[in-house]
Amino acid sequence: MQDSSVERARWLRDLMRFLPLRSQFVLSGNTRDLQIHEVGPGEVTAAPLSRVLPDILKAAGYGRIAWFDLLNGFRDIEPADGSYLTQLGLVPTAGTAAGGIDLLSTTLERHVMAEGQPSALIVDFASRLIARNEALSPAEHQLFARALILSHAARPRPAGDKRLPFFNTVVWIVDKEGDLPDWFLIGNPKIRHVPIGRPDHLSRRSMIRSLVRSLPGAQNADQSELEKCTQGFVDETEGLLLLDVSAVAQLARSEGVQVDRIGDAVRRFKVGVTEDPWRKISRDKIISGEEFVRRRVKGQSHAVTHMLDIVKRAVTGIGQSPRGGRPRGVVFLAGPTGVGKTELAKTITSLLFGDESAYIRFDMSEFSAEHSDQRLIGAPPGYIGYDVGGELTNAIREKPFSVVLFDEIEKAHPRILDKFLQVLDDGVLTSGRGDRVYFSEAFIVFTSNLGIYVPGPSGERIANVTPEETFEAVRRKVRSEIEKHFKQVLNRPEILNRIGENVIVFDFIRTEVANEIFDQMVDNLLKDVSSRGYDVTLTGAAREVLRGLCLSDLSNGGRGIRNQVEFHLINPLSRSLFDRGAEAGHRYRIEEIRPGPSTTIDLVSEQFP
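Residues numbered from 1 in each chain as written. Predicted model: local features only at pLDDT ≥ 70, side-chain atom pairs only at ≥ 80, totals over all residues. Heavy atoms only, no water.

Draft legend 1. Broad picture of the pattern of salt bridges. According to the stated counting rule, one finds 39 salt bridges in the structure shown. Its salt-bridge partner being Arg492, residue Asp418 comes within 2.6 Å of it at the nearest N-O pair. With Asp418 in helix 18 (residues 414-426) and Arg492 in the loop between helix 19 (471-489) and helix 20 (493-499), the pair connects residues that are 74 residues apart, well separated along the chain. When its relative accessible area of 32% is taken as the criterion, Asp418 is described as partly exposed. Given a relative accessible area of 18%, Arg492 falls into the buried group. One salt bridge connects Glu483 with Lys487, and the closest N-O pair in it is separated by 3.9 Å. Here Lys487 and Glu483 lie together in helix 19, a separation of four residues that amounts to about one turn. (Salt bridge = Lys/Arg side-chain N within 4 Å of Asp/Glu carboxyl O. Helix = DSSP H or I, 4+ residues; strand = E, 2+ residues; numbered from the N terminus. Buried < 20%, exposed > 50% of the residue type's maximum accessible area, 1.4 Å probe, protein only.)

Draft legend 2. Examining the environment of Leu53 more closely. The topology assignment puts Leu53 in helix 2 (residues 49-60). With relative accessibility at 0%, the residue Leu53 sits in the buried group. In this structure the C-alpha to C-alpha distance between Leu53 and Thr347, which are 294 residues apart in sequence, comes to 56 Å. Those residues within four positions of Leu53 in sequence are excluded, and the remaining contacts are Leu15, Leu27, Ile122, Val171 and Ile173. (Contact = heavy atoms within 4.5 Å.)

Draft legend 3. Representation of the confidence of the model for the protein chain. In the predicted model, the protein chain carries a mean pLDDT of 87, and 95% of its residues have values of at least 70. When pLDDT is averaged over each helix and strand of the protein chain, the minimum, 73, is found for helix 11 (residues 277-280) and the maximum, 97, for strand 10 (residues 169-173). (pLDDT = per-residue confidence, 0-100.)

Draft legend 4. Molecular detail of helix 9 (residues 242-255). Taking 1.5 Å of rise per residue, 14 residues should cover 20 Å, and helix 9 covers 20 Å from first to last C-alpha, within 8% of that figure. Here helix 9 has its buried residues at Leu242, Asp244, Val245, Val248, Ala249, Leu251 and Ala252. Along its buried surface, helix 9 packs onto strand 2 (34-40), helix 7 (201-212), helix 8 (223-236) and helix 10 (262-271). Of the residues trailing helix 9, Gly256 is marked for its positive phi of about 70°. (Expected span 1.5 Å × (residues − 1).)

Draft legend 5. Representation of the packing of aromatic side chains. One pass over the full model with this rule turns up 12 aromatic pairs. Summarising the aromatic geometry, the rings of Trp172 and Phe184 are spaced 5.8 Å apart at their centres and angled 80° between planes, so their arrangement reads as edge-to-face. Taken together, the residues Trp172 in strand 10 and Phe184 in helix 6 (residues 182-185) connect sequence positions 12 residues apart. Residue Trp172 shares its accessibility class with Phe184, and that shared class is buried. Ring centres of Phe332 and Phe486 lie 6.1 Å apart, and the angle between their planes is 75°; on these two criteria the pair is classed as edge-to-face. One end of the pair, Phe332, is in strand 12 (residues 329-334); the other, Phe486, is in helix 19, and 154 residues separate them in sequence. (Phe/Tyr/Trp six-rings, centres within 6.5 Å; stacked < 30°, edge-to-face > 60°.)

Draft legend 6. Just the sheet that holds strand 6 (residues 96-97), in detail. Read from one edge of the open sheet, seven strands run 6-5-4-7-10-1-11, paired in mixed fashion. Both edges of this open sheet fall to strand 6 and strand 11 (191-196), since each of them pairs with a single strand only. The sheet contact formed by strand 1 (residues 24-29) and strand 11 spans six bridges and is parallel. When the sheet's bridge partners are listed, Ser28 is paired in strand 11 with Pro195. The sheet strands contacting helix 4 (residues 101-113) are strand 4 (64-69), strand 5 (73-78), strand 7 (119-123) and strand 10, and the helix crosses strand 7 at an angle near 160°. (Pairing = 2+ DSSP bridges. Axes fitted to C-alpha atoms, helices over the stretch in contact; angles between N-to-C directions.)

Draft legend 7. How the structure looks around the nonpolar core. Ranked by internal contacts, the top residues of the largest apolar core, which has 63 residues, are Met307, Ile348, Leu352, Phe443, Ile561 and Ile590. If one sorts the elements of this core by residue count, helix 21 (residues 511-531) sits on top with nine residues. Counting residues in hydrophobic clusters, the runner-up holds 42 residues, among them Met364, Leu417, Leu424 and Ala442. (Core = buried A, V, L, I, M, F, W, Y, C linked by side-chain atoms within 4.5 Å.)

Draft legend 8. Inspection of the environment of Val513 at higher detail. The residue Val513 is located in helix 21 in this model. Taking the C-alpha atoms as reference, Val513 lies 6.4 Å from Lys298; in sequence the two are 215 residues apart.

Draft legend 9. A look at helix 19. The first and last C-alpha atoms of helix 19 sit 25 Å apart over 19 residues, in line with the 27 Å expected at 1.5 Å per residue. By the burial criterion, the buried members of helix 19 are Phe471, Ala473, Val474, Val478, Arg479, Ile482, His485 and Phe486. Those residues of helix 19 that are buried are in contact with helix 14 (301-316), strand 12, helix 20 and strand 20 (503-505). Trailing helix 19 by a residue or two, Asn491 shows a phi angle of about 55°, which is positive.

Draft legend 10. How the structure looks around the sheet that holds strand 14 (residues 403-407). On the basis of which strands lie adjacent, the open sheet formed by five strands has the order 13-14-17-12-20 and parallel pairing. Whereas interior strands pair on both sides, the edge strands pair on one side only; in this sheet they are strand 13 (359-363) and strand 20. Neighbour-to-neighbour, the strand axes of this sheet turn through a mean angle of 20°, independent of strand direction. Here three bridges tie strand 12 to strand 20, and the two strands are oriented parallel to one another. Residue pairing across strands places Ala334 opposite Val505, the latter belonging to strand 20. Across the face of the sheet, helix 15 (residues 341-353) comes into contact with strand 12, strand 13, strand 14 and strand 17 (443-448) while running at roughly 175° to strand 14.

Draft legend 11. Fine view of the side chain of Arg547. Relative to the helices and strands, Arg547 resides in helix 22 (residues 540-550). By relative accessible area, which is 13% here, Arg547 ends up buried.

Draft legend 12. Expanded view of the environment of Gly178. Position of Gly178 among the secondary structure elements: in the loop between strand 10 and helix 6. When the C-alpha atoms of Gly178 and Val112 are compared, they prove to be 24 Å apart, with 66 residues separating the residues in sequence.

Draft legend 13. How the structure looks around the pairing of strand 10. Of all five residues that make up strand 10, five are buried, and the element is covered over most of its length. What you see with strand 10 is no split at all: Thr169, Val171 and Ile173 on one side and Val170 and Trp172 on the other are buried throughout. The pairing of strand 1 with strand 10 spans four bridges and is classified as parallel. From the neighbouring strand, Val26 faces strand 10, where its bridge partner is Trp172.

Set out below in structure tokens:
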């Protein structure tokens, strides 16, 4: 592929700069990915490190290059006839020679001291040379002790057009720098550590320009359309490896994804599903969603409207990041207890996916300890529970299309809140195993009671807002306390900034709404009783007595009303039906409700006509 703006990767420029200055190098990081490689003036390709590194060394002036790994032993790269392996005392067959760690230790010394033109020995998978870094075996210790001494004993010799003083170089390719002994690396002026980072947007663009032309529909697209698709492909693959980018293109070709829908292939690659449930949500379903939600969430019309606006944005994709990685929606629900915050999250799940099992809830009061983040993302290698994974990362991997509720978020440890920054910014979270889990198809809901109470002079909780205040006053005070908590108490204003104006404050359950909730609960209860074969009615007088008992205290909202209905109706009704041996097919009427330590009722039996 042609690219007039080819620029060598940073790691490659670093390596070339230090070849005349250091005798050994350690390459770590993204070593198993493809690397952008210039094979001619302005012509680049994506190739594995096993091809790129020898090509670069040959171009620099190295006349002899050998490669080693534990599985395949030694092989000649340049020249490819096995002559350099023979010079090192090995017995090659078809350009390769078997060998293990002991033979590597001996060969290392012969290589560094070899006469003639500069040579390079590349040791691949060097992390696997050591079983336990903290307890080296005698063979392991001898290998790296010899390598340490040889790094200082190596002498440069001029090579290349510029006659630069190159060494007989040793290149160690590892997963991470700490895989090799600290005493071998740290403070050694003869060894250069060169980290290989994940591909940036320039690297991805260099590769994607060629890939785009091979996608379905590209032949019929004009240049401006291809440029637009290329830019979209680059943006949506932020954080992916070049191997992943190539796999996305292959997936698009095999499944017939058109070039202008390349984002679908990226999504399928990330979350591992073919169909997009968000696109299956009908417009009519969302339009009629307000009525559906209001049947379950009473008295919070402003919250329902705001939430549905966010849902419509999520479904249409309007306002989504060009990178396409952020969650579909993020909302922060605040307000008194029992006013419908959790119920709204459940209802939205049912509206979107038709199934409340797509609702994933985390009670953040269980994550108040400093290291409880390991429960969410999984323990790191070497710790108990590493093989189990994290509760959050496992849940999202299994159900990428879901509503994720983080209940009472203010009770989580601040260390956990930092994890949400990564989720809200990039829509990705790295598990303890190092896997990347994508939240791009999830709808994130936080709930909180912040701002309802504030600490008093003696540390006691005092009410910051009361039902006697107007909703505007409640909303203003609650939002003020939320901002204060994130900015001054947690010193994490950036979390609130990511949520933006999607902070929805719920109102108290006021008398008119409480009556609606009460009537709905009682009617639903009687319907449930009827479905079990008992036809139970409630006289008007008994209902009003029950109403007064259940609505006498609204401080606990709808949840408090439910508790009172259970105490003053469900319990005494169950007791009466059980004690009198009630049979299905009979009609009963509750004539009177008498409150007391245990509420009692007068239940009159009526035979069906």
